[in-house]
Amino acid sequence: MAVPEVKEKYAGRIQEVTLGAGSRGKTVAIGGESTLPFLHFEGTVANRPAIAIEVSDREPDDWSPLLKEAWGDVMGDPAKWAAKAEELGADVIALSLDSAHPERGNTGADDARKTVRKVLEATTLPLIVYGPGQKDKDNEVLVAAAEEAKGERIAIGNAEEKNYRTIVAAALANDQVVIAKSPMDVNLAKQLNVLIGDMGIPKDRIIMDPTTGALGYGVEYSYSVMERVRLAALGGDATLQQPMVLTVGYEAWRTKEARTNDEVPQEWGDWAQRAILWEANTAITLVNTGANLLVLRHPQSVALVRKAIDRLMAGA
Amino acid sequence: MALSGIQIYKVLPQTNCKECGVATCLAFAMKLAARQAELSACPYVSDEAKAMLDTAAAPPIRLITLGAGDRKLEVGNETVVYRHEKTFVHQPGLFLRLPASLSDADFAAGVDKVAGYTVERVGQMLRTDGVAIEGASADAFAARVKQAVDKGLAVILLASDPAVIEAGLAAAGNTKPLIYAGAGADSAALAPLAKKYSASLTVGAAGDLEALAAATEKAVAAGAEDLVLDPGMTGWADALALPAQLRRAAIKKNFKQLGYPIIAFPGSLSDSAEEEAMLASLLIGKYAGLIVLDRFDQAVVYSLLALRQNIYTDPQKPIQVSPGLYEIGEPEPGSPLLVTTNFSLTYFSVAGEVEGSGRKAWLLVADSEGLSVLTAWAAGKFDAEAIAKAVKTTGVAEKINHKSIVLPGAVAGLSGELEEELPGWKVLVGPRESIGIPSYLKLLASQ
Ligand code: B12
Ligand code: SF4
């Protein structure tokens, strides 16, 4: 008896979004696929998932010692950090303007401009620029960043339900891409994409961040939310067809497994191996359900995820 | 594929004799369709009808059992392609491959590593399942199999010579081993052996699903029932594509010939333990039933067990603990009182840190319907009112001689409202992550 045909015919396709233009030596396209992750037998996987390395404008005081060991001195200088990240295989630099947070330095628009300029000069890669995650300061520094990087097609984020207007307007005015972030829910993601789209920003300039939890800390929820988003998108729902970015490094490195080796069960194994795997396995699990762009922290997990993606693309 | 009551009724005797305990054959058929009755309750069904109903009722992916006793492993019996459609039910078994040619000491060490590995996570004990033993001479093989079975492990017999396989089967006794004779082996020829020893049998075909279906048909014709599929993955993309096709064929098309669990060997497609772990993660996420590892680093195994636990949690029901007042380390009236939610992960993160600190504390677990601190807060299920209610219903005030309560740092913003809800109480704000609890308790004690 012949094996029944199991190929799906999807009505929809994921939107392709390109990061980088102008002085960027390299541009990175994400999305564009017409099937679920790496099912090369039934559709095209137009672009490989890309890897961004997270760089902060302020020496992080709460990062795992393992990350500090891996990056060393460059952590005090976002330009050097970005250059090293490029050397170590990033496709994109995810610059976090964390020092703008009222409790972590409260720097302002001028500082943001200077930092963005320095980092643009230090690397040829496209940028993501994140605000500190506090509404007013996000508005202040992300507008500055969007203006400073005009012509470079950077991504700015996060635009959330509570504060998307100013950020989307800045992206629109300066030809940038916007990251739409919603808390782990298909309908909220959809709603935000619609609101942002209504402001007139074209679809090829929106990336969505459906929020993730780390391995052992909610990754299964992202797995299922992302899969539902992706199936709806391929099924033809145009409001969910944006490529997905996930802040894997941030989530994985705040878990106990990654952060510490003090008084943990012996069964948890070698600390460095465990911590790196915590990030790499979170990343690969999300790649398995549709991630298009991963923001990572450790050079070794970057190398592992990159090689895994090479292997997954080899069937194309 | 499930049958309707009417379809079942058509093959029943239709005499309404009531011996099944139901008034009519039709009513009995309806109960069968709703899975509220067993076909065996009707003494008059024909063998033919029985066979038809059995096939129709069989799960789309056959349930396979390996091992015995408290390490019995069941895989298969899945009913959905996507986890959110319902849930994935049977976690994939994790095995370590051990060549029988290892020295006695090395082999014993390998077996001990697997048998001895258990780790607690979110209140559950997680562990690996067994070993896959790679053939040698019949005698040596039998001895190795016995060694593993004696430790309670499930075994996969990796051997191609029927005499060696039989030695292994005999040594495994009634522990339901799995025969794996290699991707290219003629499994039908091994069917009688599998049957004789109630073992399951792997059927392989390199990357060709038509050939694989033909091979399972042949093995079934030769008497085998419990099959496992090796679709012959030659790369990582295959490791996603082949299981996806098998799962769809079995579940969406009810294609019985491919309705069996899948076995995978990620180590042979990887250059390091980390890569092997990542491929195993992909396979846990999508559709492997048995995963045989070549390397056993504790960190790797721990991350895979955590992922397996995550993916196989029912998406509709977060793992929860009962709300109430928990005592950590025999607390005294003067011990601090901490409050958290009843999401298991949250509870065990906090309880674990308090225990680890060696200090005593009261842990008040509010009913948040199984949600984490911030999720419950955002959903309005962990607010000042809910916390005050937990304080009152548990009667904690009578057990302690102070009136202060420590909030999770993530919801520091609740302290004002909570002080209003609990007049006379002092609300303290603890650290944001539970990892900060030991030093926080130390600080509290010194004040
Ligand atoms: C998984 C998840 C979900 C799951 C639910 C999982 C569950 N059972 O709780 C789902 C998908 C269902 C969900 C839903 C929602 N979510 Co949600 N979710 C998450 C996610 C990814 C992880 C949460 C988690 O499991 N954390 C792990 C546990 C262990 O953390 P925890 O409980 O906070 O405990 C830690 C600390 O608080 C501390 N701690 C705990 N207790 C105590 C006690 C004391 C005394 C101390 C000192 C410390 C302490 O120790 C723990 C370890 O460090 C987070 C984002 C993220 N990455 O963290 C968002 C997040 C919590 N969700 C959010 C939101 C808004 C929602 C929704 C309202 C959105 C929606 N979809 O409508 C819904 C609400 C649910 C509903 N309507 O029923 C927001 C909350 C925003 C905010 N800051 O207020 C978050 C932060 C995402 C975001 N960035 O926007 N979510
Ligand atoms: S026992 Fe069988 S034949 Fe008799 S009523 Fe029940 S279903 Fe009908």
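Residues numbered from 1 in each chain as written. Chains lettered and ligands numbered in written order. Predicted model: local features only at pLDDT ≥ 70, side-chain atom pairs only at ≥ 80, totals over all residues. Heavy atoms only, no water.

> An account of the nonpolar core is requested, with residue identities and associated values reported.
Of all hydrophobic cores here, the largest spans 179 residues; its most connected members are A:V129, A:I196 and B:L258. Leaving out residues up to four positions away in the same chain, B:L258 has contacts with A:V3, B:L209, B:L212, B:A213, B:L229, B:L246, B:A249 and B:A250. Formed by 23 residues, the second largest nonpolar core is a distinct cluster that contains B:W362, B:V373, B:I405 and B:L422. (Core = buried A, V, L, I, M, F, W, Y, C linked by side-chain atoms within 4.5 Å. Buried < 20%, exposed > 50% of the residue type's maximum accessible area, 1.4 Å probe, protein only. Contact = heavy atoms within 4.5 Å.)

> Describe the site of ligand 1, naming the residues involved and giving the relevant values.
The local shell around ligand 1 holds 36 residues, among which A:R254, B:T340, B:T346, B:S372 and B:W377 are the closest. Here a nitrogen atom of ligand 1 and a side-chain polar atom of A:E251 are 2.8 Å apart. Separating a nitrogen atom of ligand 1 from a side-chain N or O atom of B:T340 is a distance of 2.7 Å. For the shell around ligand 1, the secondary-structure elements that each account for two or more residues are β14 (337-341), α12 (344-357), α13 (373-378) and β16 (404-407) of chain B. A per-element tally of the shell around ligand 1 places α13(B) first, with five residues. (Near = heavy atom within 4 Å. Polar contact = N/O pair within 3.5 Å; in protein donor to acceptor, adjacent residues only side chain to side chain. Helix = DSSP H or I, 4+ residues; strand = E, 2+ residues; numbered from the N terminus.)

> How would you summarise the site of ligand 2 if you had to cite specific residues and measurements?
Every residue lining ligand 2 is accounted for by B:P13, B:T15, B:N16, B:C17, B:K18, B:E19, B:C20, B:C25, B:F28, B:C42 and B:P43. Residues belonging to the shell around ligand 2 are distributed by class as follows: seven nonpolar, two polar and two charged. (Nonpolar A, V, L, I, M, F, W, Y, C, P; charged D, E, K, R; others polar.)

> An account of the confidence of the model for chain B is needed here, citing residue identities and associated values.
Residue-level pLDDT values for chain B average 93, and 100% of them are 70 or greater. As scored by the predictor, the complex reaches a pTM of 0.92 and an ipTM of 0.95. (pLDDT = per-residue confidence, 0-100.)

> Please provide a residue-by-residue account of the pattern of salt bridges, values included.
For the structure shown, the criterion picks out 43 salt bridges over all chains. The shortest N-O distance in the salt bridge between B:D314 and B:K317 comes to 3.5 Å. B:E369 is the salt-bridge partner of B:K381, the closest N and O atoms lying 3.3 Å from each other. A residue pair is termed long-range when its members are at least 10 positions apart, and B:K381 in the loop between α13 and α14 (384-394) and B:E369 in the loop between β15 (361-366) and α13 qualify at twelve residues. Owing to a relative accessible area of 49%, B:E369 belongs among the partly exposed residues under this scheme. Several salt bridges share partner residues, and in doing so they unite A:R58, A:D61, A:D98 and A:R104 into one network. (Salt bridge = Lys/Arg side-chain N within 4 Å of Asp/Glu carboxyl O.)

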